[in-house]
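# Descriptive analysis of the structure
For reference, the chains in residue letters:
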2 protein chains.
Amino acid sequence: MSSMSGELRQAFLAADVRPTVQRYAVLHYLARNRVHATAEEIFREVNRRDPRASRATVYNSLKSLARAGLVREVVSDGKAARFDASLHPHHHFVCERCGEVEDVAWFELPAGKAPLGARQVRSFEVVFRGVCEKCAAAQSLTGETE
Amino acid sequence: MSSMSGELRQAFLAADVRPTVQRYAVLHYLARNRVHATAEEIFREVNRRDPRASRATVYNSLKSLARAGLVREVVSDGKAARFDASLHPHHHFVCERCGEVEDVAWFELPAGKAPLGARQVRSFEVVFRGVCEKCAAAQSLTGETE
DNA sequence: GCGCTAAGTTAGACTTATTCTAGATTTACA
DNA sequence: TGTAAATCTAGAATAAGTCTAACTTAGCGC
Ligand SMILES: [Mn+2]
Ligand SMILES: [Mn+2]
Ligand SMILES: [Zn+2]
Ligand SMILES: [Zn+2]
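Positions within a chain are numbered from 1, following the residues in the order the chain's sequence is written. Chains and ligands are labelled sequentially in the order written, the chains with letters from A and the ligands with numbers from 1. Under the rules for a predicted model, residues below a pLDDT of 70 receive no local features and side-chain atom pairs below 80 are neither given nor counted, while totals for whole chains, interfaces and linings still include all residues. Note: side-chain values were computed over all heavy atoms of the structure, leaving out hydrogens and water.

### A closer look at unusual backbone geometry
Residues and elements named next belong to chain A. Phi angles above zero are rare outside glycine, and Asp-16 is one such case at about 60°. Secondary structure counts use DSSP, requiring at least four H or I residues in a row for a helix and at least two E residues in a row for a strand, with both numbered from the N terminus. Along the chain, Asp-16 turns up in the loop between helix H1 (6-14) and helix H2 (21-32). Exposure remark for Asp-16: the relative accessible area of 71% places this residue in the exposed category. Relative accessible area decides the class of each residue, using a 1.4 Å probe on protein chains only: under 20% of the type maximum gives buried, over 50% gives exposed, and in between gives partly exposed.

### So, the relation of the copies chain B and chain A
With an RMSD of 0.2 Å, the fit of chain B onto chain A corresponds to turning through 179° and sliding 0.0 Å along the axis. In symmetry terms, the pair is related by a two-fold rotation axis. Identified as the residue of chain B closest to the rotation axis by C-alpha distance is B:Val126, at 2.2 Å. When the interface residues of chain B are mapped onto chain A, 100% of them are again interface residues, pointing to one common binding face. Fitting of the copies onto one another was done by least squares over C-alpha atoms, counting residues only where both copies have pLDDT of at least 70. Throughout, a contact is declared for two residues whenever any of their heavy atoms are within 4.5 Å.

### As for the coordination of the zinc ion (ligand 3)
All names here are of chain A. The zinc ion (ligand 3) binds to the protein through Cys-95 (SG), Cys-98 (SG), Cys-132 (SG) and Cys-135 (SG); the donor distances cover 2.3 to 2.4 Å. In this structure, the zinc ion (ligand 3) is coordinated by four donor atoms arranged in tetrahedral fashion, with angles at the metal of 104 to 117°. Among the residues examined, Cys-98 registers a relative accessible area of 38% and is labelled partly exposed. Cys-132 sits in the buried class, given a relative accessible area of 2%. Coordination here is defined by N, O and S atoms within 2.8 Å of the metal (3.2 Å for Na, K and Ca), and since water is not considered, a site can look incomplete. Every angle between 85 and 135 degrees makes a four-donor site tetrahedral, while opposite donors more than 155 degrees apart, with all other angles between 65 and 115, make a four-donor site square planar and a six-donor site octahedral; other sites are irregular.

### So, the sheet that holds strand S3 (residues 82-84) of chain A
Residues and elements named next belong to chain A. Taken in spatial order, the three strands line up as S1-S3-S2 in an open sheet, and their pairing is antiparallel. The sheet is open, and its two borders are formed by strand S1 (37-38) and strand S2 (72-74), each paired with just one other strand. Relative to S3, S1 is paired through two bridges, and the arrangement is antiparallel. Following the sheet pairing, Ala-37 is matched in S3 by Phe-83. We call two strands paired when DSSP finds no fewer than two bridges between them.

### Section: the environment of A:Thr38
Residue and element names in this part refer to chain A. Mapped onto the elements of the fold, Thr-38 is located in strand S1. In this structure Thr-38 comes out as buried when scored by relative accessible area, which is 9%. As a C-alpha pair, Thr-38 and Glu-96 span 58 residues in sequence and 18 Å in three-dimensional space. Excluding residues that lie within four positions of it along the chain, Thr-38 makes contacts with Ala-80, Ala-81 and Arg-82.

### As for the interface of chain B and chain A
Facing the 39 residues of chain B at the interface are 39 residues of chain A. Values labelled buried area give the accessible surface lost by two parts on being combined, using a 1.4 Å probe and summing over both. Sorting the residues of chain B by area buried against chain A places B:Arg119, B:Gln120 and B:Arg122 first, and these three jointly supply 18% of that buried surface. Any carboxyl oxygen of Asp or Glu that lies within 4 Å of a side-chain nitrogen of Lys or Arg is treated as forming a salt bridge with it. Where chain B touches chain A, the interface holds four salt bridges. Of all the elements in the fold, those that place two or more residues in the side of chain B that touches chain A are strand S5 (101-104), strand S6 (120-131) and helix H5 (133-141) of chain B. Looking at the side of chain B that touches chain A, the element that brings in the most residues is S6(B), giving 12 residues.

### Description of the pattern of salt bridges
All names here are of chain B. Under the definition given, this model contains 12 salt bridges over all chains. Linking Arg-55 and Glu-40 is a salt bridge whose minimum nitrogen-to-oxygen distance equals 2.7 Å. In this pair, Arg-55 is assigned in helix H4 (residues 55-67) and Glu-40 in helix H3 (residues 39-46), connecting sequence segments 15 residues apart.

### Comments concerning the domain arrangement of chain A
Residue and element names in this part refer to chain A. Domain delimitation in this document rests on an assignment produced automatically or drawn from a domain database. Per the domain assignment, the segments of chain A are domain 1 (1-86) and domain 2 (88-146). Averaged C-alpha coordinates put domain 1 and domain 2 at centres separated by 24 Å. The interface is formed by nine residues belonging to domain 1 together with 11 residues belonging to domain 2. Approximately 780 Å² of surface area, both sides summed, lies buried where domain 1 meets domain 2, with 46% of it carried by carbon and sulfur atoms. Here domain 1 is connected to domain 2 by one salt bridge. In this structure, Glu-125 and Arg-72 form a salt bridge, with 3.4 Å as the shortest nitrogen-oxygen distance. Polar contact is defined as a pair of N or O atoms within 3.5 Å, subject to the rule that within protein one atom must be able to donate a hydrogen and the other to accept it, and that residues adjacent in sequence are counted only when both atoms are side-chain atoms. Run the count over domain 1 and domain 2 and you get seven residue pairs in polar contact (both at pLDDT 80 or more). Among the elements of the structure, S2 and S3 are those that each provide at least two residues to the side of domain 1 that touches domain 2. Three classes are used, and their members are as follows: Ala, Val, Leu, Ile, Met, Phe, Trp, Tyr, Cys and Pro are nonpolar, Asp, Glu, Lys and Arg are charged, and the others, Gly among them, are polar. Split by residue class, the side of domain 1 that touches domain 2 holds two nonpolar, two polar and five charged.

Have a look at this one:
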């Protein structure tokens, strides 16, 4: 199948990932829906009206795309892994009430802060936890005991 | 069962967690073995010679202990959740080759760095990824193509 | 101590998440 | 085109975690 948009196709080739309809569908969904979707959600949406990829292929695609850096797996809390079309580096905020994972603009760590010894750091991410804006609002309306 | 060491017992009571043999066994294992164990590992080790807790109870205990702050769940990559007897705050380093999760000494984020808006941040953690010291050594011995 | 009640535990069934398998299909490239 | 390697598929298999209903135990007042 060669009906893939030229631009995306280049991205795949540049990243040394064979362009296939399935991989394209997965990446396309993630790029359009910036919601930290689970593999299951991606599977469902990608096959909504038109079967495109089996479950195994969604997992395989996510793995290939992640290896190539076109997608990244974000921190998950025990439950299903969540994915992100990482166009730009950023950090995450996880709401302890509703479970939403929100983006936080990127910032560097001041050099020399982290005592990492001889480890080779390839990337890092700051994960914040707390109460998101929406939940905080709902909370202040209600009794708000806790 | 009231044969729990006085010190631990106080910790439980202070944290408002009912002291039970099972919870004690789980916490004790985590405190003695600083290895970011999975629930399954804890289950196996805790019951090694002497049955102490069912699988469900290990999960329940971890949940109670985590809620009370006596234990924390560390970032995991899709696979099984890992736990840590969090005696002191610290960050983590995940080796992309062997999967080990190592501790990184705590450091604060410079105030004002993170653009978090109206979110209520309760905690944060920096997760580093890369190659651990051991794997880096093994790698430089071998051909080391990748 | 004794007895009551709420909280906690258990084994095992169940659900959900992810990986594996073996055969069919597609891609890259000459 | 022709071919080999890579990828895809449905479904089986495995792993991780939750739930249930019956059975203890901890906490508390007498
Ligand atoms: Mn994100
Ligand atoms: Mn740790
Ligand atoms: Zn929220
Ligand atoms: Zn390593």
